[in-house]
Amino acid sequence: MSIKYQKITPNLWFDGVGEDAARFYTNLFPDSTIGKIYRFGKEGAEIHGNPDGAVMNVEFSLAGQPFLALNGGPLFKFNPSISFFVICETEKEINNLWNALVEGGEIMMPLDQYDWSERYGWLNDKFGLSWQLMLGNIKQVGQKITPLLFFTGDRRGKAEEAIHFYTSVFGDSMIDGILKYDAEDQNKFAAGTVKHAQFSIENLKFMAMDSGMENNYPFNEAISFIIDCQDQKEIDYYWSKLTEGGDPEAQQCGWLKDRFGVSWQVVPIKILTDMLSDPDKEKTERVTKEFLKMKKFDLQNLQNAYKGK
């Protein structure tokens, strides 16, 4: 089964268990598959502390939606700042999925009836990845699994600003709705902030919410969003927009942190994949060594390295 194209793909950072995680998740959701598996060459392996030939990236899809698993090492850990919101259409489905994901994990909110749903729960699975499950109708969201940005700590109250920023940067974008905490919620701490919102960028649905309590789950590189760029013009555009007000210390190999702390990868995926798939190991090592020196991708320099110039 081939994996469909998506302009923006969630990237999940694991410490050596990326393939195990991908196979675990694909066994839980229908219409799921493992795609290409990429392995470290000498240059990349040294950076991440993995042996040459170890699994680096695993392409996979869940319910038809593309994901990427990266074995990046122990540096970053998942937390609930970004979770994946899953719509389940039957009670049997939500119960089975909950039971599978919660084993060896941690419950954030028990699977139960709440004011907003007759059946909902929030958990961190055995790998630390955060999931929110809700009984509902997929047609109301438009996709089975939706990344949800949770604004906490010093980012609390920034959800609405972030939504407007992202929908201004990306094409094919729209805001489906923004629901705010009000007097009826009896939560003065969160009054006026985003209780729940849904928006789409490049035809991928996202959700966002501000925390209604005192907690702090900072965004980090454990979950990033890969933007597939077709040429240098696109790379320059997204890099310029998303680095504005962001963290310059977090810029490396196409990675960046935006003004809200969310991580993105601005990457010419097809061009880079074609180069790194070349059977000539000298070419692939030259390309890898070159892009590891970069912050923003420079296609001309990559082409020169590929050709040995």
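Structure: above.
Residues numbered from 1 in each chain as written. Predicted model: local features only at pLDDT ≥ 70, side-chain atom pairs only at ≥ 80, totals over all residues. Heavy atoms only, no water.

Visitor: Looking at this model, I keep getting lost on the overall build of the protein. Mind explaining?
Guide: When helices and strands are tallied, the protein shows eight helices and 16 strands. Its C-alpha atoms give the protein a radius of gyration of 20 Å, within 12% of the compact-globule value 19 Å for 309 residues. Counting only C-alpha atoms and orienting by the principal axes, one finds that the protein spans roughly 65 × 40 × 30 Å. When the 309 residues of the protein are sorted by exposure, 52% land in the buried category. (Helix = DSSP H or I, 4+ residues; strand = E, 2+ residues; numbered from the N terminus. Rg over C-alpha atoms; globule rule 2.2 N^0.38 Å. Buried < 20%, exposed > 50% of the residue type's maximum accessible area, 1.4 Å probe, protein only.)

Visitor: Even after reading the chapter, I still don't get the sheet that holds strand E9 (residues 145-151), so can you show me in this structure?
Guide: Sheet strands associate in pairs through backbone hydrogen bonding, adopting either a parallel or an antiparallel arrangement. If you walk across this open sheet you meet the eight strands as E6-E7-E8-E5-E9-E12-E11-E10, and the pairing is mixed. If you trace the sheet from one side to the other, it starts and ends with strand E6 (106-114) and strand E10 (174-180), each paired once. Direction aside, the axes of adjacent strands within the sheet are offset by 20° on average. Across four bridges, the pairing between E9 and strand E12 (residues 204-210) is parallel. Pairing of leucine 149 across the sheet is with alanine 208, part of E12. (Pairing = 2+ DSSP bridges. Axes fitted to C-alpha atoms, helices over the stretch in contact; angles between N-to-C directions.)

Visitor: Before we go on, may I ask you to explain the nonpolar core in this structure?
Guide: Considering soluble globular proteins, one finds that nonpolar side chains tend to be buried as a cluster. Core analysis: the biggest nonpolar cluster contains 79 residues, and Tyr25, Trp131, Tyr166 and Trp264 have the highest contact counts within it. In terms of residue count, the dominant contributor to this core is helix H4 (residues 159-169) (six residues). Excluding its chain neighbours within four sequence positions, the residues that come into contact with tyrosine 25 are Phe14, Phe60, Leu62, Leu101, Asp125, Phe127, Leu129 and Trp131. Counting residues in each nonpolar core, the second largest holds 11 residues, with Ile87, Tyr120, Leu148 and Met207 among its members. (Core = buried A, V, L, I, M, F, W, Y, C linked by side-chain atoms within 4.5 Å. Contact = heavy atoms within 4.5 Å.)

Visitor: Whenever I open this one, helix H7 (residues 281-291) confuses me. Can you help?
Guide: Side chains that are three or four residues apart share a direction in an α-helix, a result of its 3.6 residues per turn. Here H7 has its buried residues at Thr284, Glu285, Val287, Thr288, Glu290 and Phe291. Looking at where H7 begins, the residue whose side-chain oxygen comes 3.0 Å from the main-chain nitrogen of glutamate 282 is aspartate 280. (Polar contact = N/O pair within 3.5 Å; in protein donor to acceptor, adjacent residues only side chain to side chain.)

Visitor: So what exactly am I meant to see when it comes to the packing of aromatic side chains here?
Guide: Each aromatic ring pair is described using two quantities: the centre-to-centre distance and the angle formed by the ring planes. Tallied over the full model, the rule gives 31 aromatic pairs. Seen in terms of ring centroids, tryptophan 13 and tryptophan 255 are 5.8 Å apart; in terms of plane orientation they differ by 80°. Their pairing is edge-to-face. Placement of tryptophan 13 in strand E1 (residues 8-14) and of tryptophan 255 in strand E15 (residues 255-257) is noted, with a sequence separation of 242 residues between them. A relative accessible area of 8% means that tryptophan 13 is categorised as buried. (Phe/Tyr/Trp six-rings, centres within 6.5 Å; stacked < 30°, edge-to-face > 60°.)

Visitor: What am I meant to see in the sheet that holds strand E4 (residues 65-71) here?
Guide: In space, the eight strands of this open sheet follow the order E2-E3-E4-E1-E13-E16-E15-E14, with mixed pairing throughout. Only two strands of the sheet have a single partner each, and these edge strands are strand E2 (33-39) and strand E14 (247-252). On average, each strand axis in the sheet is tilted by 25° relative to the strand beside it, whichever way the strands run. Bridge count for E14 against E15 is two bridges, and the pairing is antiparallel. Across the sheet, the residue bridging to glutamine 252 is tryptophan 255, located in E15. In this fold helix H1 (residues 18-26) packs onto E1, E2, strand E3 (55-62) and E4, with an angle of close to 10° to the strand it touches most, E3.

Visitor: It is not clear to me how the pattern of salt bridges should be interpreted in this structure. Could you clarify?
Guide: Two side chains carrying opposite charge are able to pair once their charged atoms lie near each other. For the structure on display, the rule yields 13 salt bridges. Of the charged contacts, one joins lysine 144 and glutamate 93 as a salt bridge, the two residues approaching to 2.3 Å between their closest N and O atoms. Taken together, the positions of lysine 144 in the loop between strand E8 (130-135) and E9 and glutamate 93 in helix H3 (residues 91-102) put the pair 51 residues apart, joining distant regions of the chain. (Salt bridge = Lys/Arg side-chain N within 4 Å of Asp/Glu carboxyl O.)

Visitor: I keep staring at the state of the cysteines and nothing clicks. Help me out?
Guide: Linking two cysteines covalently via their sulfur atoms produces the bond known as a disulfide. Scanning the entire structure with this criterion turns up zero disulfides. Cysteine cysteine 229 remains unbridged, with the sulfur of cysteine 253 as its closest cysteine sulfur at 15 Å. (Disulfide = S-S within 2.5 Å.)

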